[in-house]
Amino acid sequence: MKLLAFASICFVALLPTAIIGFFQQVEFARESVDQLALHLGTLVHQAREGTISPTLAVSTTQNNKLVLWSAFYRGDVPFARAGLTPGPQQQGRIRLIRINPDRPIAKQFPKPELTSLSGEGSEFRVFLTLSERNGLQERLEIGISYAALYSTAQDSLALSAVMFITAFLFLLGAAVFVDIYISRFTMRVIRAVRFRSEGADPDSFLSPTFGVLMEALERRDDQLIDTRDTLETIFNGMQIGVAMVSTELRIVLVNHYLTSLLTDAGASASEESLISEPCSIINLPGQTPSVEELCRRCLQSLSFEEQDIEFTIAGQKKYLVQEAYPLFGTERIPLAIIVQWRDVTSERLAQITVENFNRELQDKLDYQRAQLEETHQKLLQSGRLAAVGELAGGVAHEVNNPNGVILAGARYVLNRLQSEPTQPPEYVTKYLQRIVKQSERVADIVRALLTFSRRRPQEKSLLHVQDPIHDALELVGSRFAGANVQFEKDIPADLPFVEGNRNELAQVFLNLFNNAVDAMAGGGQIKVSADMATLESQPAVRVRVRDSGEGIPGDILDKVMEPFFTTKPVGKGTGLGLSISHGIIEEHSGTMRVRNHPEGGAEFEIVLPIVGGANGGKKD
Ligand code: ADP
């Protein structure tokens, strides 16, 4: 309809132009014919008057097209014709007329008579009878032809029509073009956008006329959508969080990984809530400096910026690397900033594991070194002890014999004096008793020194740990009562046997009990317990001796087992009890330790290997 209306408008607009052009041509032809007719009339008048010039009569042409001519006829046969382009009939038949061109026709012919006027097609003729001889008329024909004008007008009209039709068709074509490619297309795009935004099916309004165009567009559209979908899939499938931030520091794009990262971190992070917001809205825990600060730095330096982030989600550590770099347009002008978050938790945890492993190794190495140092010290100590022991042994041996003589002599004299009827002076008895007592003490020390210095292994047998404990109690039990000490014992009867020297082990427990009594001046408790333990990953029997005394001061705790270390007054302690005990236990391949019990008092722990491993030493 629209096209028809436009065509009508074109037609109406062009038609007056065509009509005016046509009438102009007709008017021109009419004026020309009028002029010719006037001219013809003049010639006819001149011919009748005999004043016509024969030359004139034969030479009137216009634009090489004859429009005026004259001819002489004898009868009906034209014998001379002037001004006419020779046609096939006239070829070779032209003859000279009997007209003297220098004389007026009226002088040569009687007054001509107008015999006939005839018009045919685009020609008009006037016949004048000049003479009549022997019944044969000689006539003068004067004619005009406006065929040329006629055809000119016709040509003009045809040209106008062709131009009109061409212009009409051109305008019509242009209208169709405009309608198809611009108007309709634009309308379609507008409507498509509106329909699509309303969720309607755009196909429902497609005009079939534009089917092909629309199909092509839709194919292109589909390709674009496919490309966009592919890019979106790649962007959202990336295993790093990505955000595009404008140079005004607002968020342009975020991918799914980032939104889920933010959600995991407890921040509300839907894509809609982030887009167009200031980038400071992206706020992960432990993010220092902020994303905004990082972007600012990036815009300033126009280079890569990086920082580590560390935070805890649901009790699990998370390690991220946050990076920012500018996107450049032409001439290194930054268009936007890409900020990305890489989860490096597994790498970092692996690194931490390796670091911990290294640290543990270092600790073990340090421990081994300390052990080595301790062993070295022990070796030195044992070497020293061996030397001291040797020396002490030598001295003891030398002292033992004279001391024995002194002691025996003193005892003998004392006994003799006491059996005499006369009492000796008091001071003699007193000093003899002192000599005996001190000699006995010397004998004790010598014995201890000899034990300490002894190197040869003692005979061992299978025994239950309660046996040497029992022996020691036999010797020291009377002392407990005098010192107000209570004794408790918890030794399971079914403990495995150990291999040892009963006397030596009894000496160890005797030393421990004596020291415990010495440590509890006002009385107290001694508890002895035994159970199973391990020694160098092998089953062993453990005996603990604990008292309720003051304990051992921390600064001497590691010295009490050194030989000759004592805190007891001169004459009371030798400082050899614990060192001898320690030596005996080591000879039994066991260990002896001391500590202060958390609830008070000193506690000695002795561990002895059982015979034959886990089951070998079981008591029946
Ligand atoms: P001595 O008993 O001759 O001093 P020891 O080697 O038996 O020599 O003991 C060394 C030192 O260890 C003692 O002088 C004492 O200071 C300390 N000692 C030993 N046993 C205990 C204990 N049960 N409570 C407090 N101190 C103790």
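Here the structure is a predicted model, which means the values were calculated and not measured. Numbering of residues starts from 1 in each chain and follows the order in which that chain's sequence is written. It should be noted that, the model being predicted, local features are given only for residues of pLDDT at least 70 and side-chain atom pairs only at 80 or more, the latter also being counted only at that level, while totals for whole chains, interfaces and linings use all residues. The side-chain values count all of the structure's non-hydrogen atoms but skip hydrogen atoms and water molecules.

A. Region of interest: the overall build of the protein. Counting secondary structure elements, the protein contains 14 helices and 19 strands. Only protein chains enter the accessibility calculation, which uses a 1.4 Å probe. A residue is then buried if its area is under 20% of the maximum for its type, exposed if over 50%, and partly exposed in between. Burial status across the protein gives 34% buried among its 620 residues. Taking the intrachain contacts of the protein between residues at least 6 apart in sequence as the baseline, contacts between residues at least 24 apart amount to 60%. Carbon and sulfur atoms form 56% of the exposed surface of the protein, whose accessible area is close to 37800 Å². Here a strand is any run of E in DSSP of at least two residues, a helix any run of H or I of at least four, and the numbering for each starts at the N terminus. Note on contacts: a residue pair qualifies if any of its non-hydrogen atoms lie within 4.5 Å across the two residues. For every accessible area listed, the method is Shrake-Rupley and the probe measures 1.4 Å; residues are considered covered only by the protein chains on display.

B. Geometry of the sheet that holds strand 9 (residues 251-254). Only strands that DSSP links by at least two bridges are regarded as paired with each other. Here we have 5 strands laid out as an open sheet, ordered 9-8-12-11-10, and antiparallel in their pairing. Lying at the two open borders of the sheet, with one neighbouring strand each, are strand 9 and strand 10 (305-313). Averaged over all pairs of adjacent strands, the angle between their axes in this sheet comes to 20 degrees, without regard to strand direction. The pairing of strand 8 (residues 241-246) with strand 9 spans 3 bridges and is antiparallel. Here an axis means a line fitted to C-alpha atoms, over the contact stretch when the element is a helix, while the angle between two N-to-C directions is reported on a 0 to 180 degree scale.

C. Layout of the packing of helix 12 (residues 502-519) against helix 13 (residues 577-587). Where helix 12 contacts helix 13, the axes come no closer than 9 Å and their chain directions differ by 145 degrees. The element helix 12 and its partner helix 13 pack so that their crossing is left-handed. Contacts between helix 12 and helix 13 involve Glu 504, Leu 505, Gln 507, Val 508, Asn 511, Leu 512 and Asn 515 on the former and, on the latter, Gly 577, Leu 578, Ile 580, Ser 581, Ile 584, Ile 585 and Glu 587. By the convention adopted, Pro, Cys, Tyr, Trp, Phe, Met, Ile, Leu, Val and Ala count as nonpolar, Lys, Arg, Asp and Glu as charged, and the other residues, Gly among them, as polar. Class assignment for the residues of the contact of helix 12 with helix 13 results in 7 nonpolar, 5 polar and 2 charged. By convention, the crossing between two helices is left-handed when the near helix turns anticlockwise from the far helix through less than a right angle, and right-handed when the turn is clockwise.

D. Quick look at the pattern of salt bridges. By salt bridge we mean one thing: a side-chain nitrogen of Lys or Arg within 4 Å of a carboxyl oxygen of Asp or Glu. In total, this model carries 19 salt bridges according to the counting rule given. Glu 420 is paired through a salt bridge with Arg 416; the nearest N and O atoms lie 3.9 Å apart. A salt bridge links Asp 471 to Arg 502; the nearest nitrogen and oxygen atoms lie 2.7 Å apart. One end of the pair, Asp 471, is in helix 11 (residues 466-482); the other, Arg 502, is in helix 12, and 31 residues separate them in sequence.

E. The arrangement of the sheet that holds strand 19 (residues 602-609) in detail. An order of 14-16-17-19-18 is seen for the 5 strands of this open sheet, with the pairing classed as mixed. Only two strands of the sheet have a single neighbouring strand rather than two, namely strand 14 (485-490) and strand 18 (591-596). Taking the axes of each pair of neighbouring strands and ignoring which way they run, one obtains an average angle of 20 degrees across the sheet. Where strand 14 lies against strand 16 (residues 524-535), 6 bridges are found, and the strand directions are parallel.

F. Expanded view of the pairing of strand 18. Sheet topology note: the strand 18/strand 19 ladder contains 6 bridges and is antiparallel. Opposite Arg 595, over in strand 19, you have Glu 603 as the bridge partner. Remark: 5 residues form the turn of the hairpin made by strand 18 and strand 19, two consecutive strands paired antiparallel; Gly 600 in that turn has positive phi of roughly 110 degrees.

G. Quick look at the site of the ligand. Near is defined per residue: the residue qualifies when any heavy atom it owns lies within 4 Å of the molecule or strand. As a matter of local geometry, the ligand sits amid 18 residues, with Asp 547, Thr 566, Thr 567, Lys 568 and Thr 574 nearest to it. Here a polar contact means two N or O atoms within 3.5 Å. Within protein one must be a hydrogen donor candidate and the other an acceptor candidate, and residues neighboring in sequence count only if both atoms are side-chain atoms. In this structure, an oxygen atom belonging to the ligand sits 2.8 Å away from a side-chain N or O atom of Asn 515. Backbone polar atom of Thr 574 to an oxygen atom of the ligand: 2.8 Å apart, as the coordinates give it. Taken by itself the ligand offers 530 Å² of open surface, and the protein chains cover 92% of this. Those elements that provide at least two residues to the shell around the ligand are helix 12 and helix 13. Class assignment of the residues belonging to the shell around the ligand gives a composition of 8 nonpolar, 8 polar and 2 charged.

H. Focus on the packing of helix 11 against helix 12. The interhelical angle for the contact between helix 11 and helix 12, taken along N-to-C directions, is 35 degrees, at an axis separation of 7 Å. In this structure, the crossing between helix 11 and helix 12 has a hand that is right-handed. Listed contacts from helix 12 to Asp 467, Pro 468, Ile 469, Asp 471, Ala 472, Leu 473, Leu 475, Val 476, Arg 479 and Phe 480 of helix 11 are Arg 502, Leu 505, Ala 506, Phe 509, Leu 510, Phe 513, Asn 514, Val 517 and Asp 518. Among the residues making up the contact of helix 11 with helix 12, the classes are represented as 13 nonpolar, 1 polar and 5 charged.

I. Summary view of unusual backbone geometry. Phi at Ser 276 takes a positive value of approximately 75 degrees, unusual for a residue other than glycine. Note that Ser 276 resides in the loop between helix 7 (271-274) and helix 8 (291-301).

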